Amino acid sequence: MQYPLPYLCLAFCLGIIAAAYLKITFYVLCLLALLFLILSVFFVRQPKKINVSIGLTIFFLGAALLRNFQVLPNHHIAKLLISKGEVVSIIGVIVNDPICQVGKTSFILKAEKLEIGQICQEACGNVLVRIFQSKELAYGERLLLGGKLYRPFSFSRGFDFKQYLRHQGIYCILSVKKSSKVKKLSENAGNPVKAFSFQIKHRLREVIVKNLSCFSAGILNALILGDRQDLSPYLLDVLMKLGTIHIIAISGFNVGIVAFIILITLKIAKIHRKPRYILTVLLLVVYCILTGASAPVVRATAMAVILLCAYIFEREVNIYNSLSIATFVILAFNPWQLFEISFQLSFLSVVSIVCFTPKIKSLFPKRLDKIPCLRFLILTFSGSSAAWIGLMPLIAYYFKIFTPITVLVNMLIVPYSALITASGFTLAVVGMIFPAISPAFAATNELFILVLFKIHYFLAGLPGAYFKLPGISFLQILLYYVLLISILLWYDCYVVKYYKEDNNGKDLF
Amino acid sequence: MFDLTQQERKVIIFLLSLFLIGLIVDFIVKKASPLKNIFNFSNDSSKVDLDTADKDLLISVPGIGPKLAERIIEYRAQHPGPISSRDLKNIKGISAHRLEKIRDNFLEKE
């Protein structure tokens with residue numbers, strides 16, 4: 001069996017889920033993990049027993065990891081904040097790319113020192129800072145801020161902002177008024193690789209904003225750089241209703257295009273194979289950082305890096321194993337990501353595309369594969385349907401929406417947005433190197449983006465394009481996936497075997 | 001289920017052991033982390049480092065304007081090595097009187 005990692009990854013995820021719902025202490029979990037680890041050592045020569053003991057060790061390690069993540073150091077800023085909201089002075093370093101809007105700047109600050117009243121203490125932990133003025137701030141700057149520190153609110157209905165922030169490791173918000181002090185103490189206090197990545201991001205953003213209209217620049221910034229703050233809520237709503245919001249979420253699709261562009265460029269520059277792959281790996285890591293390193297991007301980057309390393313070391317690559325490694329990497333860093341919508345949608349879409357696309361494709365006559373246009377249509381239909389089959393219940397659960405036309409819309413929009421992403425990157429790079437010729441590329445991008453959204457608005461206006469649903473329960477989702485897996489297993493075990501037997505080992509078509 | 005070779009089993013057991021040890025150490029460090037009081041919150045931390053401060057940061061010091069900030073940066077470029085507030089008296093525009101007024105805003109390094 002060449003897929004051990006998915007099973008181990010599943011055990012790890014189940015451990016994390018168990019720890020989230022069961023109240024078992026860290027020491028008990030570690031003790032159980034140690035027990036099964038010792039058993040694994042004894043069973044090292046017994047295949048069946050060691051598989052079970054390793055699986056259980058990983059299960060309890062996953063649970064222990066989540067429990068450990070819930071424990072904060074004694075000098076964590078959340079523990080130093082005693083009452084509901086206090087006026088404080090705080091010194092810390094900006095650890096992300098600040099978002100600057102009209103009259104408001106927000107960023108994440110890694111706290112170093114805290115002053116509450118007369119008490120000054122060393123502190124740690126991340127704080128979400130909101131400054132009610134436009135300030136030119138950058139990653140890695142050490143600031144002295146004064147404002148009101150409070151815990152995030154948890155609203156009774158809808159999106160749980162408090163839980164969302166907690167899952168990102170943020171337990172407090174600092175609100176800094178216009179009149180409060182904001183003093184820059186030093187610069188370059190952050191990671192130099194991250195600082196370099198953000199510099200490239202700002203340069204690319206400048207080029208895009210300089211060459212395109214506000215609307216088009218906002219969309220291209222979202223497609224290429226992961227900056228969604230300039231997108232209108234109406235546009236986001238249309239994309240969600242048609243099931244194409246994933247095109248503005250940086251994910252494997254974008255990482256794949258970036259990897260392809262880098263490889264082609266380096267190939268044209270006559271760089272040898274191994275240095276070409278190594279350089280691509282490094283540039284993909286930079287791209288991952290500059291887009292904000294969200295779970296889908298990290299997943300895609302990890303899988304791309306594994307694929308390229310497999311080429312470098314001349315090893316076979318397996319998509320299930322690489323997906324599992326990406327899962328381990330993300331969850332080891334932050335196990336709460338397992339409960340985030342973006343993580344679930346990202347991983348489930350890859351799994352369903354990989355599992356179902358070949359099966360849906362096999363339903364079509366093989367003779368149609370000889371015609372390139374039809375082959376392309378069958379492939380896009382199979383991929384789009386596969387993703388829809390895997391994600392439909394989750395989308396219905398989280399967004400309470402059902403889009404019957406999403407398969408056809410995605411067949412049209414996904415390849416087209418690949419074209420826009422590629423042309424957007426071209427504009428960004430040309431704008432940096434040869435700004436004099438960028439207007440031509442800018443005009444092309446404007447046209448492409450205009451057509452994309454005319455199509456969206458037209459399709460969203462069609463009767464029956466989407467339906468709002470009442471809430472569906474978690475049990476219904478579970479039943480759906482159990483049924484889906486059963487159908488998949490039945491197909492693999494009986495349908496394929498039956499057709500091969502019936503046709504003397506030949507495929508049906 | 002899945003079939004691991006003996007070598008793979010040993011590697012996995014080794015990695016899991018390291019992970020478990022790291023997890024326990026991290027937990028103990030967090031639980032035992034001390035609360036450390038600081039007595040000079042606004043002093044050293046809000047002081048400007050003459051070796052790294054850019055023009056905007058120098059201008060934020062009361063008594064230093066844009067031209068003086070540029071002269072400090074030029075002086076820094078011409079004299080590599082750490083600069084203390086005492087060296088500022090060599091810069092045009094900073095008299096002994098002005099130096100006394102602004103020196104408390106700068107970080108003194110030993």
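Residues numbered from 1 in each chain as written. Chains lettered and ligands numbered in written order. Predicted model: local features only at pLDDT ≥ 70, side-chain atom pairs only at ≥ 80, totals over all residues. Heavy atoms only, no water.

1. Observations regarding the overall build of chain B
Here is step 1 of the chain: When helices and strands are counted, chain B shows five helices and zero strands.
Here is step 2 of the chain: Listing the helices and strands of chain B from first to last along the sequence gives α-α-α-α-α.
Here is step 3 of the chain: Sequence separation of at least 24 residues holds for 45% of the intrachain contacts in chain B that already meet a minimum separation of 6.
Here is step 4 of the chain: Just so you have it, chain B exposes about 7,000 Å², and 56% of that area is on carbon and sulfur atoms. (Helix = DSSP H or I, 4+ residues; strand = E, 2+ residues; numbered from the N terminus. Contact = heavy atoms within 4.5 Å. Areas by Shrake-Rupley, 256 points an atom, 1.4 Å probe, with all protein chains shown as cover.)

2. Considerations on the interface of chain A and chain B
Here is step 1 of the chain: Every contact between the two is made by 48 residues of chain A and, on the other side, 32 residues of chain B.
Here is step 2 of the chain: Summing both sides of the interface, chain A and chain B together bury roughly 4,000 Å²; the carbon and sulfur share of this comes to 69%.
Here is step 3 of the chain: On the surface where chain A and chain B come into contact, there are zero salt bridges.
Here is step 4 of the chain: Joining chain A to chain B, the criterion identifies six residue pairs in polar contact (both at pLDDT 80 or more). (Buried area = accessible area lost by both parts, 1.4 Å probe. Salt bridge = Lys/Arg side-chain N within 4 Å of Asp/Glu carboxyl O. Polar contact = N/O pair within 3.5 Å; in protein donor to acceptor, adjacent residues only side chain to side chain.)

3. Side note on the pattern of salt bridges
Residues and elements named next belong to chain A.
Here is step 1 of the chain: Counted by the stated rule, this structure contains eleven salt bridges over all chains.
Here is step 2 of the chain: With a closest N to O distance of 2.4 Å, Arg205 and Asp227 form a salt bridge. One end of the pair, Arg205, is in helix H6 (residues 192–211); the other, Asp227, is in the loop between helix H7 (214–225) and helix H8 (233–242), and 22 residues separate them in sequence.
Here is step 3 of the chain: Assessed through its relative accessible area of 8%, Asp227 is described here as buried.
Here is step 4 of the chain: For Asp237, the salt bridge is made with Lys241, and the minimal N-O distance between the two is 2.6 Å. Residue Asp237 and its partner Lys241 are both found in helix H8; the two are separated by four residues, about one turn of the helix.
Here is step 5 of the chain: The exposure class of Asp237 is partly exposed, given its relative accessible area of 29%.
Here is step 6 of the chain: Beyond isolated ion pairs, a larger network of salt bridges with shared partners links Asp97, Lys201, Arg205 and Asp227. (Buried < 20%, exposed > 50% of the residue type's maximum accessible area, 1.4 Å probe, protein only.)

4. Brief notes about the packing of helix H14 (residues 372–399) of chain A against helix H15 (residues 406–433) of chain A
Residue and element names in this part refer to chain A.
Here is step 1 of the chain: Orientation of H14 relative to H15, taken along the N-to-C sense of each, is 120 degrees, at an axis distance of 9 Å. Here H15 runs oblique to H14, going by the angle between their axes. Seen from above, H14 lies across H15 with right-handed handedness. On the side of H14, the interface is formed by Phe376, Leu377, Thr380, Phe381, Ser384, Ser385 and Trp388, while H15 contributes Thr406, Val407, Asn410, Met411 and Pro415.
Here is step 2 of the chain: A class-by-class count of the residues in the contact of H14 with H15 yields seven nonpolar, five polar and no charged. (Axes fitted to C-alpha atoms, helices over the stretch in contact; angles between N-to-C directions. Parallel < 35°, antiparallel > 145°, perpendicular 65-115°, else oblique. Left-handed = near helix turned anticlockwise from the far one by under 90°. Nonpolar A, V, L, I, M, F, W, Y, C, P; charged D, E, K, R; others polar.)

5. Brief notes about the side chain of Arg9 of chain B
Here is step 1 of the chain: With respect to the element layout, Arg9 of chain B can be found in helix H1 (residues 6–31).
Here is step 2 of the chain: Residue Arg9 of chain B is classed as buried on the basis of its relative accessible area of 8%.
Here is step 3 of the chain: Aside from chain neighbours lying at most four places away, what touches Arg9 of chain B is Val44, Arg45, Gln46, Pro47 and Ile50 of chain A together with Asp3 and Leu4 of chain B.

6. With respect to the pairing of strand S7 (residues 170–176) of chain A
All names here are of chain A.
Here is step 1 of the chain: Counting buried positions along S7 gives seven out of seven residues, so the element sits mostly inside the fold.
Here is step 2 of the chain: The pairing of strand S5 (residues 126–131) with S7 spans six bridges and is classified as parallel. Paired with Val129 across the two strands is Leu174, which belongs to S7.
Here is step 3 of the chain: Bridging between strand S6 (residues 142–150) and S7 involves three bridges; their strand directions are antiparallel. The residue bridging Leu149 from the neighbouring strand is Leu174, located in S7. (Pairing = 2+ DSSP bridges.)

7. Focus on the pairing of strand S3 (residues 104–116) of chain A
Residues and elements named next belong to chain A.
Here is step 1 of the chain: In terms of strand pairing, strand S1 (residues 85–94) meets S3 through seven bridges, oriented antiparallel. Directly across from Gly92, in S3, lies its bridge partner Ala111.
Here is step 2 of the chain: Here strand S2 (residues 99–101) runs beside S3; their pairing, made up of three bridges, is antiparallel. Paired with Cys100 across the strands is Thr105, a residue of S3.
Here is step 3 of the chain: Hairpin connection, S2 to S3: the antiparallel pair is bridged by two residues, and Gly103 has positive phi, about 80 degrees.

8. Re helix H2 (residues 26–42) of chain A
Here is step 1 of the chain: Spanning 17 residues, H2 of chain A covers 25 Å between terminal C-alpha atoms, matching the ideal 24 Å at 1.5 Å per step.
Here is step 2 of the chain: Turning to H2 of chain A, its buried residues are Phe26, Leu29, Cys30, Ala33, Phe36, Leu37 and Ser40 of chain A. Take H2 of chain A and look down its axis: the buried residues cluster within an arc of 130 degrees, on one side only. Counted as exposed and oriented over 90 degrees from the buried face of H2 of chain A: Tyr27, Leu31 and Phe42 of chain A.
Here is step 3 of the chain: Where H2 of chain A is buried, its residues touch helix H3 (47–70) of chain A together with H1 of chain B. (Expected span 1.5 Å × (residues − 1). Arc of directions from axis to C-beta.)

9. Describing the environment of Glu74 of chain B
Here is step 1 of the chain: With respect to the helices and strands, Glu74 of chain B occurs in helix H4 (residues 66–78).
Here is step 2 of the chain: As a C-alpha pair, Glu74 of chain B and Ile91 of chain B span 17 residues in sequence and 9.5 Å in three-dimensional space.

10. Some remarks on unusual backbone geometry
Residue and element names in this part refer to chain A.
Here is step 1 of the chain: Look at Asn188: it is not a glycine, yet its phi comes out positive at around 55 degrees.
Here is step 2 of the chain: Position of Asn188 among the secondary structure elements: in the loop between strand S8 (182–186) and H6.
Here is step 3 of the chain: The phi torsion at Glu314 lies on the positive side, around 55 degrees, for a residue other than glycine.
Here is step 4 of the chain: Locating Glu314 in the fold gives a position in the loop between helix H11 (295–312) and helix H12 (319–333).
Here is step 5 of the chain: Note on Glu314: relative accessible area 59%, which makes it exposed.

11. Digging into the state of the cysteines
Residues and elements named next belong to chain A.
Here is step 1 of the chain: Counted under the stated rule, the structure contains zero disulfides over all chains.
Here is step 2 of the chain: Here Cys309 stays unpaired: no disulfide links it, and the sulfur of Cys288, its closest cysteine neighbor, is 14 Å away.
Here is step 3 of the chain: On the basis of relative accessibility, which here comes to 25%, the residue Cys309 falls in the partly exposed class. (Disulfide = S-S within 2.5 Å.)

12. Some points on the confidence of the model for chain B
Residue and element names in this part refer to chain B.
Here is step 1 of the chain: In the predicted model, chain B carries a mean pLDDT of 81, and the fraction of residues at 70 or more is 86%.
Here is step 2 of the chain: Per-element averaging of pLDDT across chain B places helix H2 (residues 43–46) at the bottom with 53 and H1 at the top with 93.
Here is step 3 of the chain: Predicted complex, confidence summary: ipTM 0.82, pTM 0.81. (pLDDT = per-residue confidence, 0-100.)

13. Focus: the packing of aromatic side chains
Residue and element names in this part refer to chain A.
Here is step 1 of the chain: By the definition in use, this model includes 19 aromatic pairs over all chains.
Here is step 2 of the chain: Taking 5.7 Å as the distance between ring centres and 20 degrees as the angle between the ring planes, the aromatic pair formed by Tyr234 and Tyr457 counts as stacked. With Tyr234 in helix H8 and Tyr457 in helix H16 (residues 438–460), the pair connects residues that are 223 residues apart, well separated along the chain.
Here is step 3 of the chain: Tyr234 gets classed as exposed once you look at its relative accessible area, which sits at 54%. (Phe/Tyr/Trp six-rings, centres within 6.5 Å; stacked < 30°, edge-to-face > 60°.)

14. As for the packing of H11 of chain A against H12 of chain A
Residue and element names in this part refer to chain A.
Here is step 1 of the chain: Two numbers describe how H11 lies on H12: the axes approach to 9 Å, and their chain directions differ by 130 degrees. Regarding the angle of H11 to H12, the classification is oblique. Of the two elements, H11 crosses H12, and the hand of that crossing is right-handed. Where H11 approaches H12, its residues Ala295, Val298, Arg299, Ala302, Met303 and Ile306 are matched on the opposing element by Ile319, Ser322, Leu323, Ile325, Ala326 and Ile330.
Here is step 2 of the chain: Classifying every residue of the contact of H11 with H12 gives ten nonpolar, one polar and one charged.

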